[in-house]
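# Structural features, examined
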Amino acid sequence: MSTPQTGSRGGAVGIKEVAAHAGVSPGTVSNVLNRPERVADTTRARVEAAIRELGFVRNGSASSLRAGQGRTVGLMVLDLGNPFFTDLARGVEDVMSERGYAVILCSSATSAEREERNLRMLAEQQVRGVLVTPVDQGPDRLALLRERGVNAVMLDHPATRPHQCSVTVDDVSGGHLAVSHLLDTGARDIAYVSGPMSIRQCADRHAGALKALEAAGRGTLRHVIVPEMTPRAGQEAAWQLLGELPDAIFCANDLLAMGVLRAMLQQGVRVPDRVRLIGYDDIEYATASAVPLSSVRQPTYRLGRIAAELLLEECEDPDGHAHQQIMFQPELVIRESTTS
């Protein structure tokens, strides 16, 4: 982790220092920060590299502080289009509203670059704290927040540091539950449909599925990886499986499972008679799909509430606060998609 440098007068790094480091004018740096579309790609990349190397963070305006910006927190999730994160955000917002805080909600859209950009924006806005579901387990992008004295709680992700709060669900156990259930229904050839394995949830659910197969003395798990965890991506995964159809499919979330279900029904493949199907998250739409969807339930709203309470406790009583890493156990919900 790099240490922020200081400007020529010993203060925090400013636009002039970034400009000098990148070999551009201060006006170009300003354009990169405020109107990036006006700057050539190569120049913008050079300025952004200088910003990262120097640890530059633009200060929010003094007027925002006078308006009560100190009672604002950030919430960054992976995908605002997924009802799982909508329910999670509702839990966060309810607690914050009760305590007189506002929430800045943003999404990384599973992009590490966008995650870093959003974290920088939240630091610029001088939020009191941030709740974040990180894109991956790669570089520590929360370092910027810590350098600015901004508290952060991991949400739907284990803590990456010992002195940090986190609230998550045991996704290895969840994957084990899903595949054990499919095996109990008589499935012999199981496929796992997931997003990129760089996403911690996808990797953990895969690990749990493999453990279930190993415990049952069964063979390998077919794995179809799609670039995003949406119904459309689920349909595309289903097309890949139609040539050699398994007798059961486990999807890393319910949106993927609903896409798989749609493709199967379009092709006349009966669920669950020919293919058993189970998702993950137990979103509200799981019960309303053409074939009600079996799923692995997470206490989504509660995750959001508890994470918000931990963040406020750390912000308002830093000396008395004790960091906690809370992990919930998921629950199997059986519906028609896996029961003949």
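Reference entry: report on the structure contained in this document. Residues take numbers from 1 onward in each chain, read along the sequence in its written order. With pLDDT at 70 or above as the cut-off, local features in this predicted model cover only qualifying residues; side-chain atom pairs require 80 or more to be listed or tallied, and sums for whole chains, interfaces and linings still use all residues. Hydrogens are left out, water is left out, and the side-chain values use all remaining heavy atoms of the structure.

### Focus on the overall build of the protein chain
Here is the rule we go by: Here a helix means four or more residues in a row that DSSP labels H or I, a strand means two or more in a row labelled E, and each is numbered from the N terminus. The classification of residues rests on relative accessible area computed with a 1.4 Å probe and restricted to protein chains. Under 20% of the type maximum is buried, over 50% is exposed, and intermediate values are partly exposed. Residues count as neighbours in contact if any of their non-hydrogen atoms are within 4.5 Å of one another. In this description, accessible areas are obtained by the Shrake-Rupley approach with a 1.4 Å probe, and a residue is regarded as covered only by the protein chains that are shown. Two residue types count as positive, namely Lys and Arg, and two as negative, namely Asp and Glu; His and chain ends fall outside the count. For the purpose of locating charges, the reference atoms are NZ of Lys, CZ of Arg, CG of Asp and CD of Glu.
Summing up its helical and strand segments, the protein chain has 12 helices and 12 strands in all. By its C-alpha atoms, the protein chain is 75 × 45 × 35 Å across when sized along the principal axes. Split into buried and exposed, the 340 residues of the protein chain put 51% on the buried side. Taking the contacts inside the protein chain whose residues are at least 6 apart along the sequence as the reference set, 71% of them involve residues at least 24 apart. A total of about 15300 Å² of accessible surface is found on the protein chain, and carbon and sulfur atoms cover 48% of it. Placing the 35 positive and 41 negative side-chain charges of the protein chain at their respective mean positions leaves the two points 5 Å apart.

### Digging into the pairing of strand β5 (residues 165-169)
What counts, and what does not: Strand pairing requires that DSSP identify at least two bridges connecting the strands.
Counting buried positions over the 5 residues of β5 gives 5, a clear majority of the element. What you see with β5 is no split at all: Cys 165, Val 167 and Val 169 on one side and Ser 166 and Thr 168 on the other are buried throughout. Bridge count for strand β4 (residues 151-155) against β5 is 3 bridges, and the pairing is parallel. Its bridge partner being in β5, Met 154 is matched across the sheet by Ser 166. Of the strand pairs in this sheet, β5 and strand β11 (residues 325-328) are connected by 4 bridges, and their pairing is parallel. In the sheet register, Val 169 faces β11, and the bridge partner there is Phe 328.

### So, the sheet that holds β11
Stated precisely, the cut-off is as follows: To get an axis, a line is fitted to the C-alpha atoms, and for a helix only the part in contact is used. The angle between two axes follows their N-to-C directions and goes from 0 to 180 degrees.
In spatial order, the strands read β2-β1-β3-β4-β5-β11; together these 6 strands make up an open sheet with parallel pairing. Since the sheet does not close on itself, it has two edges, and those belong to β2 (102-107) and β11, each with one partner. Within the sheet, the average angular offset between the axes of one strand and its neighbour, ignoring direction, is 15 degrees. Along the sheet, helix α12 (residues 300-316) contacts β1 (72-77), β3 (129-132), β4, β5 and β11; its crossing angle with β4, the most-contacted strand, is approximately 165 degrees.

### A word on the sheet that holds strand β7 (residues 222-225)
Strand order in the open sheet formed by 4 strands is β7-β6-β8-β9, with parallel pairing between adjacent strands. This sheet does not close on itself; its edge strands, each paired only once, are β7 and β9 (276-278). Within this sheet the neighbouring strands show an average axis-to-axis angle of 20 degrees, counted without direction. Note that strand β6 (residues 190-194) and β7 share 4 bridges and pair parallel.

### Some words on the nonpolar core
The following threshold applies: Only buried residues count toward a nonpolar core, which is a set of Ala, Val, Leu, Ile, Met, Phe, Trp, Tyr and Cys residues joined through side-chain atoms within 4.5 Å.
Counting residues in each nonpolar core, the largest one holds 75 residues, and the members touching the most others are Met 96, Leu 131, Ile 190, Ile 249, Phe 250 and Leu 277. Beyond its immediate chain neighbours, meaning those up to four positions away, Phe 250 contacts Gly 175, Ala 178, Val 179, Leu 182, Ala 191, Tyr 192, Val 193, Arg 205, Ala 209, Ile 278, Gly 279 and Tyr 280. The next biggest cluster of nonpolar side chains, apart from the first, holds 15 residues, and it includes Met 76, Leu 144, Ala 152 and Met 154.

### Structural notes on the packing of aromatic side chains
The line we're drawing: Pairing of aromatic side chains here covers Phe, Tyr and the six-membered ring of Trp, requires ring centres within 6.5 Å, and sorts the geometry by plane angle: under 30 degrees stacked, over 60 edge-to-face, intermediate tilted.
Inspection of every chain in the model, using the stated rule, returns 3 aromatic pairs. Both rings, one in Phe 84 and one in Phe 85, keep their centres 4.9 Å apart while their planes meet at 85 degrees; by these two values the pair is edge-to-face. With 6.4 Å between their ring centres and 40 degrees between their planes, Phe 250 and Tyr 280 make a pair best called tilted. Within this pair, whereas Phe 250 is found in strand β8 (residues 248-251), its partner Tyr 280 is found in the loop between β9 and β10 (295-297), the two being separated by 30 residues in sequence. For Phe 250, a relative accessible area of 0% puts it in the buried group. The exposure class of Tyr 280 is buried, given its relative accessible area of 0%.

### Some words on the packing of helix α8 (residues 171-184) against helix α9 (residues 200-215)
Defined as follows: Here is the rule for angles: anything less than 35 degrees is roughly parallel, anything more than 145 is roughly antiparallel, 65 through 115 is roughly perpendicular, and the remaining ranges are oblique. Helix crossings fall into two classes, left-handed where the near helix is turned counterclockwise from the far one by less than a right angle and right-handed where it is turned clockwise. Any residue that is not Ala, Val, Leu, Ile, Met, Phe, Trp, Tyr, Cys, Pro, Asp, Glu, Lys or Arg is counted as polar, Gly included; the first ten are nonpolar and the last four charged.
Interaxial distance between α8 and α9 falls to 6 Å at its minimum, and their mutual angle equals 45 degrees. In terms of their interaxial angle, α8 and α9 are classed as oblique. In the packing of α8 onto α9, the handedness of the crossing is right-handed. Note on element contacts: α9 touches α8 through Arg 200, Gln 201, Asp 204, Arg 205, Gly 208, Ala 209, Lys 211, Ala 212 and Leu 213, opposite Asp 171, Val 172, Gly 175, His 176, Val 179, Ser 180 and Leu 183. Considered class by class, the residues forming the contact of α8 with α9 number 6 nonpolar, 5 polar and 5 charged.

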